[in-house]
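# Observations on the three-dimensional arrangement
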Amino acid sequence: MANEQYVQKHYEKVAKNFGLLPTSSMQDPFIRELEIEFVLAQLYNFTHKYGRFPRLLDVGCGNGYLLSVLAEFFPEMELTGLEYSPDLFKLCQQRKLPGINFIHGDMRKASDFSEKFDMVITERSLINLLSTKQQNQAIKNIAHCLAPGGHYLMIESFKMPLHNLNIARAQNGLSEIFPSKHNKYLSEGITGKLKGIGLNEVYGELPKDSLSTHFFLSRVFHPITRNSTTKNKYSMLNHFFDEALPLGVGQFSPILFRVFEKELS
Ligand SMILES: C[S@@+](CC[C@H](N)C(=O)[O-])C[C@H]1O[C@@H](n2cnc3c(N)ncnc32)[C@H](O)[C@@H]1O
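To keep things clear, this report deals only with the structure shown in the data block. Since we're looking at a predicted model, the values are computed, not measured.

Turning our attention to the site of the ligand. Near the ligand you find 20 residues, and of these Ser25, Glu83, Asp106, Met107 and Glu123 are the closest. Here an oxygen atom of the ligand and a side-chain polar atom of Ser25 are 2.9 Å apart. Gly60 is positioned with one of its backbone polar atoms (N or O) 3.0 Å from a nitrogen atom of the ligand. Across the complex, the protein chains shield 97% of the 590 Å² of accessible surface that the ligand would expose by itself. The residue makeup of the shell around the ligand, split by class, is 6 nonpolar, 8 polar and 6 charged.

This part takes up helix 6 (residues 159-171). Between its first and last C-alpha, helix 6 extends 19 Å over 13 residues, near the 18 Å set by a 1.5 Å rise per residue. Along helix 6, the residues classified as buried are Pro161, Leu162, Leu165, Asn166, Ala168 and Arg169. Around the axis of helix 6, the buried residues are gathered within 160 degrees of arc, so they sit on the same side. In helix 6, the exposed residues that point more than 90 degrees away from the buried face are Met160, Ala170 and Gln171. Check the buried side of helix 6 and you find it contacts helix 8 (212-225) and strand 7 (255-262). Gly173 sits one or two positions beyond helix 6 and adopts a positive phi of about 75 degrees.

Moving on, we come to the nonpolar core. By size, the foremost hydrophobic cluster in this structure holds 63 residues, and its most contacted members are Val39, Leu70, Val120, Leu126, Tyr152 and Met154. It is helix 2 (residues 29-50) that provides the largest number of residues to this core, a total of 8 residues. Once residues lying within four places of it in the same chain are set aside, the contact partners of Tyr152 are Val120, Thr122, Leu126, Ile142, Leu146, Leu194, Leu199, Arg258, Val259 and Phe260. Judged by nonpolar contacts, the second largest core, of 6 residues, contains Tyr11, Val14, Leu88 and Leu91.

Another point: the sheet that holds strand 3 (residues 100-104). Judged by pairing direction, the sheet is mixed, and its 7 strands sit side by side in the order 3-2-1-4-5-7-6 without closing on themselves. Edge positions in the open sheet fall to strand 3 and strand 6 (199-202), since each of these has one partner strand only. Across the sheet, the mean angle separating the axes of adjacent strands is 20 degrees when strand polarity is ignored. Strand direction decides the pairing type here: strand 5 (residues 146-157) and strand 7, joined by 7 bridges, are antiparallel. What sits directly across from Ile155, in strand 7, is Phe257. Helix 2 contacts strand 1 (56-59), strand 4 (117-123), strand 5 and strand 7 of the sheet and is inclined by roughly 165 degrees relative to strand 5.

This brings us to the environment of Glu261. Along the chain, Glu261 turns up in strand 7. Overall, the relative accessible area of 23% leaves Glu261 in the partly exposed class. When sequence neighbours within four positions are dropped, the list of residues in contact with Glu261 reads Lys49, Gly149, Gly150, His151, Gly198, Leu199, Asn200 and Val202. There is a polar contact of 3.3 Å between the side chain of Glu261 and the side chain of Lys49.

Looking now at the pairing of strand 2 (residues 79-83). Strand 2 sits mainly inside the fold: 5 of its 5 residues count as buried. Burial along strand 2 is two-sided: Leu79, Gly81 and Glu83 facing one way and Thr80 and Leu82 facing the other are all buried. With 4 bridges joining them, strand 1 and strand 2 adopt parallel strand pairing. Within the sheet, the bridge partner assigned to Asp58 lies in strand 2 and is Gly81. Handedness of the crossover joining strand 1 and strand 2 through helix 3 (residues 65-73): right-handed. Handedness of the β-α-β unit built from strand 2, helix 4 (residues 86-94) and strand 3 comes out right-handed.

Cut-offs and rules
Every chain is numbered on its own, with residues counted from 1 as its sequence reads. With the structure being a predicted model, the display of local features is reserved for residues of pLDDT at least 70 and the display and counting of side-chain atom pairs for 80 or more, all residues being used for whole-chain, interface and lining totals. Hydrogens and water are ignored here; the side-chain numbers use all heavy atoms of the structure. Whether a residue is near a molecule or strand is decided by its heavy atoms; if any one of them lies within 4 Å of it, the residue is near. Polar contact is the term for a pair of N or O atoms within 3.5 Å; when the atoms are in protein, one must be able to donate a hydrogen and the other to accept it, and sequence-neighboring residues count only if both atoms are side-chain atoms. Per-residue and other accessible areas follow the Shrake-Rupley method at a 1.4 Å probe size, with only the shown protein chains counted as cover for residues. Put simply, Ala, Val, Leu, Ile, Met, Phe, Trp, Tyr, Cys and Pro go in the nonpolar bin, Asp, Glu, Lys and Arg in the charged bin, and everything else, Gly too, in the polar bin. Where helices and strands are cited, they refer to DSSP runs of H or I of at least four residues and of E of at least two residues respectively, numbered from the N terminus. Each helix should span, by expectation, one fewer than its residue count multiplied by 1.5 Å. Partly exposed residues are those whose accessible area sits between 20% and 50% of the maximum for their type, while under 20% is buried and over 50% is exposed, using a 1.4 Å probe and protein chains only. Taking the helix axis as origin, the arc is that swept by the directions to the C-beta atoms. The criterion used for residue contact is that any of the two residues' heavy atoms lie within 4.5 Å. Residue types Ala, Val, Leu, Ile, Met, Phe, Trp, Tyr and Cys, when buried and joined through side-chain atoms within 4.5 Å, form a set referred to as a nonpolar core. Between any two strands, pairing holds if DSSP finds at least two bridges. The axes used here are C-alpha line fits, helices contributing only the stretch in contact, and every angle between their N-to-C directions lies in the interval 0 to 180 degrees. Look down the strands so they point away from you; if the path from the first strand over the helix to the second goes clockwise, the crossover is right-handed.

Now the structure itself:
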């Protein structure tokens, strides 16, 4: 099956199996919650700096879960979601959230980005584009639709921290984790490309490696302590140490929280 068709089939199944649930596309509740915390923190930062809400676009918005949470927090904010999968797009529409504009579109197509936004989010969606060329096209479109001073919140998976995680796993006799077939993880070089199109990396309200402790606990420590009869991946043991330890120790989380600011001129 061609790569793109594989991604499409995957999201057809996700839409069917998870419907409007928050676990659609992310079954680990800790990651989902921290991603939301990061977006909310950036929204408070933006409103504090500019004295108004940003016009916000979620690119690859899935079943619209993140936007539905944001609409609850800030009913007066202008929210737009762009989604490629017809099944997930239908789910977005089923939410019947009148304040949100859902677009059935493709992040690779410049013509699907017709408006300007102050904040653009990709939450594990850029990695669904399976070639560097397509990923570059999408970031160009994102850069183009951002207003000067606007923020791009990139919540995406990177190769290097996955490599670190796999070293720690190998040291403890655990097998290598590979990205799923529907994902192409990013290289650090993407920050240079973003800079070249006017998007400079700035510090976010949460450290970019915020999920590192959690990844180490859930993908190294927990598998070592689990016996073969334990099925629960997201157990109380994990939860206990997530609470007990500081966030973001080391560089073991493939998913990074990054913020890029569009140049003023
Ligand atoms: C990992 S899911 C994340 C969805 C949502 N952000 C969430 O966290 O639940 C990636 C999303 O990107 C969408 N996507 C993939 N390729 C796309 C494209 N070319 N244009 C727009 N969306 C796309 C997928 O259909 C999917 O909904």
